[in-house]
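This is what each chain is made of:
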Amino acid sequence: MRLLLLGCSGFVGLELVPYLLELGHTLTLVSRRSDPFHALASDRLCSLQLDPADPASWQSPALLEALAGAEGVVNLAGEPIAEKRWTPAHRSLLMRSRSRTTELLVQAMAALQTPPRVLVNASAVGYYGSSLEQRFTEESPAGSDYLAEICSRWETAAARCPAASRLVILRIGIVLGADGGALAKMLPVFRMGFGGPVGSGRQWMSWIHRHDLCRLVATALEDDRWRGTYNAVAPQPVRMAAFASALGKVLGRPSLLPVPGPILQLLLGDGAQVVLEGQQVAPERLQAEGFTFQYPELDAALAAATSSAPH
């Protein structure tokens, strides 16, 4: 397929872009960075240096031409959630980078005589809010905190895509890969033997190995039966204490020293809630579709992720 990719030059894109090329797709990548995948040197990959959250980018003839020629679109655009303190300016950026990008994309799709056949749009398990006890499925309602509001607006924007375009929304959990995301932040501390559960240790972590997420995106693009919302998480969520213990075991290091919540809050402000508060999310629709996870269990997922990690 000819694909247009937004927000795919970050941590997930590092694996997704080469994987989609391997499957034979032709890709146009929209990124604020110039040529983020120059090392791949493929004649089926081109990059446009544009900010998809800026309306002016959608006046670019090159972008409009790429969209008009695309059979599918993957939109993962969004500022990282837990990287910085949530100042008012950063909260606005977290929202705008997701909802505004998606609104502009959908408007541009609607203006085409023949829009792309499929839009695979990211969302996050933060949609459900957080809970120590509840178990969330795709049918569960949205939560009431700021992350839930971001996800709700993000999904509402995506839902306005043309009726001719099949829409798949992936509510993504904590993505496991050694070169980014939560795991990359935890690895140096654990390798030094200072790792342990963050906060109370009782909060849920609904996770997915990055390779399984890439396989999910590819399947959503290719399989016409997929439509609507899917929880992009492995079938075995764990509490933070169990996650820390499993990571320590895989690395052969102790994992007994808890990281107090207040320290994280000092570093990240509100962004700490991503790690301090969690949700137990079930991938019911993926299982109903018969999707087979390559890494359904945490131990194997962490072993795979850390074996490729830089020391």
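Structure shown above.
Each value, and the rule that gives it
Residues numbered from 1 in each chain as written. Predicted model: local features only at pLDDT ≥ 70, side-chain atom pairs only at ≥ 80, totals over all residues. Heavy atoms only, no water. Axes fitted to C-alpha atoms, helices over the stretch in contact; angles between N-to-C directions. Helix = DSSP H or I, 4+ residues; strand = E, 2+ residues; numbered from the N terminus. Parallel < 35°, antiparallel > 145°, perpendicular 65-115°, else oblique. Left-handed = near helix turned anticlockwise from the far one by under 90°. Contact = heavy atoms within 4.5 Å. Nonpolar A, V, L, I, M, F, W, Y, C, P; charged D, E, K, R; others polar. Pairing = 2+ DSSP bridges. Buried < 20%, exposed > 50% of the residue type's maximum accessible area, 1.4 Å probe, protein only. Polar contact = N/O pair within 3.5 Å; in protein donor to acceptor, adjacent residues only side chain to side chain. Arc of directions from axis to C-beta. Right-handed = clockwise from strand over helix to strand, strands pointing away. Salt bridge = Lys/Arg side-chain N within 4 Å of Asp/Glu carboxyl O.

Colleague: What exactly am I supposed to notice about the packing of helix α1 (residues 13-22) against helix α6 (residues 210-222) here?
Modeller: The angle between the axes and the distance between the axes are what describe a pair of packed helices. Put simply, α1 and α6 touch, their axes get as near as 9 Å, and they point 45° apart. As judged from the angle between their axes, α1 and α6 are oblique. Note on packing geometry: the crossing formed by α1 with α6 is right-handed. In this structure, α1 uses Leu14, Glu15, Leu16, Tyr19 and Leu20 to contact α6, whose residues at the interface are Arg210, His211, Cys214, Arg215, Val217, Ala218 and Leu221. Along the lines of polarity and charge, the residues of the contact of α1 with α6 split into 8 nonpolar, 1 polar and 3 charged.

Colleague: What should I look at first to understand the packing of helix α7 (residues 240-251) against helix α11 (residues 298-307) in this one?
Modeller: Where α7 meets α11, the axes come as close as 10 Å, and the angle between the chain directions of the two elements is 50°. As far as their axial angle goes, α11 and α7 are oblique. Taken as a pair, α7 and α11 cross one another with a handedness that is right-handed. Counted together, Phe243, Ala246, Leu247, Lys249, Val250 and Leu251 of α7 and Leu298, Asp299, Leu302, Ala303 and Thr306 of α11 form the full contact between these two elements.

Colleague: Just checking my understanding: could you explain the sheet that holds strand β5 (residues 118-124) for this structure?
Modeller: As a general point, the strands of a sheet are linked pairwise by backbone hydrogen bonds and lie either parallel or antiparallel. Sheet architecture is open: 7 strands sit in the order β3-β2-β1-β4-β5-β7-β11, paired in parallel fashion. The sheet is open, and its two borders are formed by β3 (45-49) and β11 (228-232), each paired with just one other strand. Going from strand to strand, the sheet's axes swing by 20° on average, the running direction of each strand aside. Where strand β1 (residues 2-6) and strand β4 (residues 72-75) come together, 4 bridges link them in parallel fashion.

Colleague: How should the side chain of arginine 171 be read in this particular structure?
Modeller: Positionally, arginine 171 belongs in strand β7 (residues 166-172). On the basis of relative accessible area, arginine 171 is assigned to the buried category, the value being 4%. In terms of polar contacts, arginine 171 uses its side chain to reach the side chain of glutamate 155, at 2.7 Å. Those residues in contact with arginine 171 that lie beyond four places of it in its chain are Ser123, Ala124, Val125, Tyr127, Tyr128, Glu138, Glu155, Thr229, Tyr230, Asn231 and Ala232.

Colleague: Which parts of the structure should I look at to understand helix α5 (residues 181-191)?
Modeller: One full turn of an α-helix is made of 3.6 residues, so residues set three or four places apart face in the same direction. Every buried residue of α5 is accounted for by Leu183, Met186, Leu187, Phe190 and Arg191. What you see down the axis of α5 is that its buried residues fit within an arc of 120°, all on one side. For α5, the secondary structure elements touched by its buried residues are β8 (174-176), α7 and α11. Looking one or two residues beyond α5, the residue adopting positive phi is glycine 193, at roughly 85°.

Colleague: How should the pairing of strand β2 (residues 26-31) be read in this particular structure?
Modeller: It is a general feature of regular strands that their side chains alternate between the two faces of the sheet. Most of β2 is tucked away, with 5 of its 6 residues classed as buried. Judged from the 5 bridges that link them, β1 and β2 form a sheet pairing that is parallel. The residue bridging leucine 3 from the neighbouring strand is leucine 27, located in β2. As a crossover connection, the stretch from β1 through α1 into β2 is right-handed. Looking at chain direction, β2 and β3 are connected through 5 bridges and run parallel. Across the sheet, the residue bridging to leucine 27 is leucine 45, located in β3.

Colleague: Sorry, what's going on with the pattern of salt bridges here?
Modeller: If charged atoms from side chains of opposite charge come close, those side chains can pair. Tallied over the full model, the rule gives 14 salt bridges. A salt bridge links arginine 100 to glutamate 103, with the shortest nitrogen-to-oxygen separation between them at 3.1 Å. Separated by 3 residues within a single helix, arginine 100 and glutamate 103 lie in helix α3 (residues 88-110), roughly one turn from each other. A relative accessible area of 28% places arginine 100 in the partly exposed class. In this structure, the salt-bridge partner of aspartate 299 is lysine 249, at a minimum N-O distance of 4.0 Å. Taken together, the residues aspartate 299 in helix α11 and lysine 249 in helix α7 connect sequence positions 50 residues apart. Among the ionic contacts, a cluster of salt bridges with common partners joins Arg2, Glu71 and Arg117.

Colleague: Would you take a moment to explain the pairing of β11 for this structure?
Modeller: Burial analysis of β11 places 4 of its 5 residues in the buried class, which makes it a mostly covered element. When β7 meets β11, the two strands line up parallel, connected through 5 bridges. Looking at the pairing, isoleucine 169 lines up with threonine 229 of β11.

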